[in-house]
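Notes for the structure review
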Amino acid sequence: MYIGVDYYPEQWPKTRWSEDVRMMKELGINVVRIAEFGWSLMEPEEGKYDFSLYDEAIDLFHKNGIDVVLGTPTATPPAWMVKKYPEILPVDENGVTISFGARRHYTVNSATYQEFSRKITAEMAKRYGSHTAVIGWQTDNEYGHEKSDRSYGDEDRARFQDWLKEEYGTLEKLNETWGTVFWSQTYTEWDQIPVPRKVYQEHNPSLLLDFDRFCAEAYNRYNRLQVDELKKHIEERQFITHNFVYTGLALNQKEMAKDLDFISFDNYPVWGGLPEPITPANIARQHDLCRGTKSGKGYWVMEELSGAQGWGRIGYLPRPGHIQLWTYQAISRGAEAIVYFRWRAARFGTEEFCHGILDHDGKPKRKFEEVKRVIDNMKVFGDEWIESDYKADVAVYHDPENDWAWQIQPQSEVFNYVDEFLRFYEPAHAMNAKTDIISDVEELDGYKVVVVPVYFLTKNGFTDKLKQFAAAGGTVVLTYRSGVKDRFNVVTDQTLPGDLSELAGIEVNEYESLQSGQINRVEGTAGPIEGMTSDAAVWCDLIDPAGAEVLAEYSDTFYSGTAAITKNRTGKGTVYYIGSGLDQEILRPLYREIFAQSGVPVLETPEGVEVLRRGDRETEFLSVLNHNTDSAYTVELPEGEWKDPVTEEVYQGPMEVGALGSIVLRKKS
Ligand code: GAL
């Protein structure tokens, strides 16, 4: 297994390198990722290449048995390029050109920039494409991050118009699909179509969604350009990956992943200004997204946080135990390699306060010792664990286009796509049911339950799959605001939930959007939630049952007594509809019942304790992760004897796991 660090040789005097390498070896790391921001060194002036610094660094790693992943440096176009070719700079929605001075200051639609990217990628690939130490490549760095996913300049606009021509063929078709008759927007020539820069009100939602699709495809094309260039020169054994973030960008990771050998992910559970880490479920969500990006394929964590992070503001200091906990959590959910960010905190530049395994003084201390312990442990069970089977019973639907459609029209001041996704993902996480995050392209057979949070933008193919899945005996959980839009972001003319109405056995004839501080109440009237109450926030679908059984009703305002949760038996399966943003207190018992009835294995644990089972009968692993910082908890282990391969201790029945404790157990056969 690969465990490594992100290293920046260009930021340190060469006299320090050998000491760094010595300490890396002491730590037990076997890979470094380097060079992803090194363009001005590699091409100090146009067309003049100089790889001497990286030659030396790579050779040093090679001599010391450490492998290298090389980043192409295109996230940081150098100053000379920007001065001479300012057309490469992106433009924001206000028409303001983004300046040189940080990073990601380019638009993927610039032909000039594409050419420069092609050349530097080719030069690097020729130089290192057969270097024994170089095992693979990372294209660029975090495409689209830091708001660099959309650019609104003139060249972007021309390419958007080309893209629309391809998509629609004729202006008649585009006008009709987008409904441009509204507010006199009918286009009579392609070059009249704008990119969605600032307007007084809001743009046409169909144009906005197409613009997001266009931006995502433009990034895919740009990445492909680098991949194609690399492939011309590198040996087949070298892989190509990209380090994604999953923050609702106009980026389609799944599409891009088709051009990559595997995907990578940058895992920062806490960052600048945050007083505490994001929830365990939210971290788990991102790992599930990673595993789902290439339909179950393992991935690398190319940047795994090891110290406090931030630019102008620093966030929460990860506590002793966090490095191991987040490493184990990543591997439990499918990461196959971990690269810690960063080796040492830089003394200069924007990221002076992005701390690493070492701090500014370069001395090995607490974090060094913790990483060492993790690496030592991983040597005992790592490979077998990462290779063990991961099979989920619950699929949770996520389509980036649905996310974009919600960003375009959140409809309630308090709607946030990630929060609402988590609302309906969290009960599964809390009960340690095994989840996959899927999109419309996956097949549903093999899952027992499919949860479809806020299925606002529908895809016909996926709706059909849901129908077949339920008919064949599967359980579907739909939520409020399902079935509203078609793929062009146009509202259905059917009674809601549109094409899902029959499946759910309901009609939604009215609804109410709730704003900050506004809530209704819901009371359970049947089944496992009878007598339970919950706040109803964000949205209320007023459900009229048309065959479905009512499980809960609203208890406030004029629609008091109207159904809020329903259950419909259809074919051999069951379809639940949750009409509002309800609390975990009511969702968990509901999911508990759903899982029990559909045969989804769960493992009930104390709040904040995550347990993940992997493997098969022969080799079974159980990771027990206590995300709580101040209390130990007792976990009831599943049947059998469980051995800690590191200490050789054997556990059975109740096991105590300390605050921020994390342990990987192997079932004794
Ligand atoms: C990541 C990025 C790194 C570094 C890090 C700081 O998003 O890829 O280059 O900026 O954040 O925490």
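Quantities reported herein were computed from a predicted structural model and do not represent experimental measurements.

**Here's the deal with the overall build of the protein chain**
Helix and strand counts for the protein chain stand at 17 helices and 27 strands. Relative to the globule expectation of 26 Å for 669 residues, the C-alpha radius of gyration of the protein chain, 26 Å, shows essentially globular dimensions. When the 669 residues of the protein chain are sorted by exposure, 60% land in the buried category. Sequence-distant contacts in the protein chain: of pairs separated by 6 or more residues, those separated by 24 or more amount to 72%.

**Observations regarding the environment of Gly615**
Tracing the backbone shows Gly615 in strand S21 (residues 609–615). Distance from Gly615 to Phe100, taken between C-alpha atoms, is 49 Å for residues 515 residues apart in sequence.

**Topic: the site of the ligand**
Inspection of the region around the ligand gives 13 residues, with Arg103, Glu142, Trp271, Gln309 and Glu351 positioned closest. With respect to the ligand, the side chain of Trp271 contributes an N or O atom lying 2.7 Å from an oxygen atom. Grouping the amino acids of the shell around the ligand by side-chain chemistry returns five nonpolar, three polar and five charged.

**A look at a nonpolar patch on the surface**
Together, Val181, Phe182 and Trp183 make up an exposed nonpolar region whose accessible area comes to about 410 Å². Secondary-structure assignment places Phe182 in the loop between helix H7 (171–178) and helix H8 (205–233). Judged by relative accessible area, Phe182 falls into the exposed class, the value being 52%.

**Considerations on the pairing of strand S18 (residues 563–570)**
With seven of eight residues buried, S18 is to be regarded as a mostly interior element. Bridge count for strand S17 (residues 549–554) against S18 is four bridges, and the pairing is antiparallel. Its bridge partner lying in S18, Glu549 is registered against Lys567. Inspection of the sheet shows S18 paired to strand S19 (residues 573–578) by six bridges, in the antiparallel sense. In the strand pairing of S19, Ile565 is matched with Ile578. Between the antiparallel neighbours S18 and S19 lie two residues, among them Gly571 with a positive phi of about 55°.

**Describing the sheet that holds strand S25 (residues 650–651)**
As summarised here, the arrangement of the five strands in space is S21-S22-S27-S24-S25, forming an open sheet in which the pairing is antiparallel. Looking at the sheet topology across the chains shown, the edges are occupied by S21 and S25. With two bridges connecting them, strand S24 (residues 642–643) and S25 associate as antiparallel partners. Considered in S25, the bridge of Trp642 is made with Tyr651.

**Quick look at the nonpolar core**
Membership of the largest hydrophobic core comes to 179 residues, with the highest contact counts inside it found for Val32, Ile34, Phe61, Leu70, Trp343, Leu466 and Phe595. Counting residues domain by domain, this core receives three or more from each of domain 1 (394–598) and domain 2 (609–667). Ignoring any residue separated from it by four or fewer positions in sequence, one finds Leu70 in contact with Ile34, Ala35, Ile58, Met124, Tyr128, Val134, Gly136, Trp137 and Gln138. Trp178, Tyr187, Phe211 and Cys215 belong to the second largest nonpolar core, which has 17 residues in total.

**With respect to the environment of Trp137**
The residue Trp137 is located in strand S4 (residues 134–138) in this model. Through-space distance from the C-alpha of Trp137 to that of Pro13 is 25 Å; in sequence the pair is 124 residues apart.

**Points about the packing of aromatic side chains**
Counted according to the given criterion, the structure contains 46 aromatic pairs. Taken together, a centroid distance of 5.8 Å and an interplanar angle of 85° make the contact between Tyr455 and Phe462 edge-to-face. Each member of the pair, Tyr455 together with Phe462, is buried. Through pairs of rings, three or more aromatic residues link up here, namely Trp39, Tyr106, Tyr113, Tyr143, Tyr219 and Tyr222. Above the plane of the ring of Tyr390 lies Arg291, whose end atom (NZ or CZ) is 3.8 Å from the centre. In this structure, Arg487 packs its charged tip against the face of Phe488, placed 5.0 Å from the ring centre.

**Examining the side chain of Thr241**
The topology assignment puts Thr241 in strand S5 (residues 239–241). Looking at Thr241, the relative accessible area reads 0%, which means it is buried. Polar contacts involving the side chain of Thr241 include one to the main-chain carbonyl oxygen of Phe262, which spans 2.7 Å. Residues contacting Thr241, with those up to four places away along its chain left out, are Trp137, Gln138, Thr139, Leu260, Phe262, Ile263, Ser264 and Met302.

**Some words on the packing of helix H11 (residues 322–332) against helix H12 (residues 366–387)**
Where H11 meets H12, the axes come as close as 9 Å, and the angle between the chain directions of the two elements is 20°. Taken together, the axes of H11 and H12 lie roughly parallel to each other. For the pair H11 and H12, the sense of crossing is right-handed. Here His322, Ile323, Gln324, Thr327, Tyr328, Ile331 and Ser332 of H11 come into contact with H12, specifically with Lys367, Glu370, Val371, Arg373, Val374, Asn377, Met378, Phe381, Trp385 and Ile386.

**Description of the domain arrangement of the protein chain**
Splitting the protein chain by domain gives domain 1 (394–598) and domain 2 (609–667). Computed over C-alpha atoms, the centres of domain 1 and domain 2 are 33 Å apart.

**Here we look at H12**
The periodicity of an α-helix, 3.6 residues per turn, causes residues three or four places apart in sequence to face the same way. Between its first and last C-alpha, H12 extends 30 Å over 22 residues, near the 32 Å set by a 1.5 Å rise per residue. Maximum bend of H12: about 65°, positioned at Phe381. Buried within H12 are the following residues: Lys367, Phe368, Glu370, Val371, Val374, Ile375, Asn377, Met378, Phe381, Gly382, Trp385 and Ile386.

**Structural notes on the packing of helix H14 (residues 417–430) against helix H17 (residues 584–598)**
Relative orientation of the contacting elements H14 and H17 amounts to 60°, with a least axis distance of 9 Å. With respect to H17, the axis of H14 lies oblique. Seen along the crossing, H14 lies across H17 with a hand that is right-handed. Facing H14, whose interface residues are Arg423, Phe424, Glu426, Pro427, Ala428 and Ala430, H17 presents Gln584, Leu587, Arg588, Tyr591 and Phe595. Looking at the contact of H14 with H17 residue by residue, the class counts come to seven nonpolar, one polar and three charged.

**Section: the pattern of salt bridges**
All told, the structure shown has 45 salt bridges when counted by the stated rule. For Glu46, the salt bridge goes to Lys84, with nearest N and O atoms at 2.9 Å. Highlighted residues: Glu46 in the loop between helix H2 (39–42) and helix H3 (52–63) and Lys84 in helix H4 (residues 79–84), separated in sequence by 38 residues. Close ionic contact of Lys459 with Asp399 constitutes a salt bridge, the shortest N to O distance being 2.9 Å. Within this pair, whereas Lys459 is found in the loop between strand S12 (449–452) and helix H15 (460–471), its partner Asp399 is found in the loop between strand S10 (394–397) and helix H13 (400–408), the two being separated by 60 residues in sequence. A single network of salt bridges, built from pairs that share partners, joins Asp210, Arg213, Asp399, Glu401 and Lys459.

**Overview of the pairing of S12**
Along S12, one buried face is formed by Val449 and Val451 and the opposite face, lined by Val450 and Val452, is buried too. The pairing of S12 with strand S13 (residues 475–479) spans four bridges and is parallel. Paired with Val450 across the strands is Val476, a residue of S13.

Criteria and thresholds
- Residue positions are given per chain, counting from 1 as you read along its sequence in written order.
- The model is predicted, so local features are restricted to residues of pLDDT at least 70 and side-chain atom pairs to those at 80 or more, both for listing and for counting; the totals for chains, interfaces and linings are taken over all residues.
- The basis for the side-chain values is all heavy atoms of the structure; hydrogens and waters are excluded.
- A run of DSSP states H or I qualifies as a helix once it reaches four residues; a run of E qualifies as a strand once it reaches two. Both are numbered from the N-terminal end.
- C-alpha atoms define the radius of gyration, and 2.2 Å times the number of residues to the power 0.38 defines the globule rule.
- Summary of the burial criterion: residues with accessible area below 20% of their type's maximum are buried, those above 50% are exposed, and those between are partly exposed, where the area comes from a 1.4 Å probe applied to protein chains only.
- Residue contacts are defined here by distance: any two heavy atoms, one from each residue, within 4.5 Å place the two residues in contact.
- If a single non-hydrogen atom of a residue is within 4 Å of a molecule or strand, that residue counts as near it.
- Any N or O atom pair separated by 3.5 Å or less is treated as a polar contact, with the protein-specific requirement of one donor-capable and one acceptor-capable atom, and with residues adjacent in sequence counted only for side-chain atom pairs.
- Residue polarity follows a fixed list, in which Ala, Val, Leu, Ile, Met, Phe, Trp, Tyr, Cys and Pro are nonpolar, Asp, Glu, Lys and Arg are charged, and the others, Gly among them, are polar.
- Nonpolar side chains (Val, Leu, Ile, Met, Phe, Trp, Tyr) are joined into patches within 5 Å and like charges within 9 Å, using only residues with over 30% relative accessible area and no salt bridge.
- Residue exposure ignores everything except the shown protein chains as possible cover, and the areas themselves are Shrake-Rupley values with a 1.4 Å probe.
- Each salt bridge in this description consists of a side-chain nitrogen of Lys or Arg and a carboxyl oxygen of Asp or Glu lying within 4 Å of one another.
- Strands qualify as paired when DSSP identifies two bridges or more between them.
- The criterion is simple. A nonpolar core is a set of buried Ala, Val, Leu, Ile, Met, Phe, Trp, Tyr and Cys residues joined through side-chain atoms within 4.5 Å.
- Segment limits for the domains were obtained from an automatic or database-derived domain assignment.
- Think of it this way: a Phe, Tyr or Trp ring, Trp meaning its six-membered ring, pairs with another when their centres are within 6.5 Å, and the plane angle makes it stacked under 30 degrees, edge-to-face over 60, tilted otherwise.
- For a lysine, the NZ atom is tested; for an arginine, the CZ atom; a charge sits over a ring if that atom is within 6 Å of the ring centre and within 35 degrees of the ring normal.
- Here an angle of 0 to 180 degrees is reported between the N-to-C directions of two axes, which are lines fitted to C-alpha atoms, with helices fitted over the stretch in contact.
- Note on angle classes: values under 35 degrees are labelled roughly parallel, values over 145 roughly antiparallel, values of 65 to 115 roughly perpendicular, and the remainder oblique.
- Handedness of a crossing is defined here by the sense of rotation of the near helix relative to the far one, left-handed for an anticlockwise turn of less than a right angle and right-handed for a clockwise turn.
- One less than the number of residues in a helix, times 1.5 Å, gives the span that helix is expected to have.
- Two axes enter the definition of the bend at a residue: one is fitted to the seven residues ending there, the other to the seven starting there, and the bend is the angle between them.

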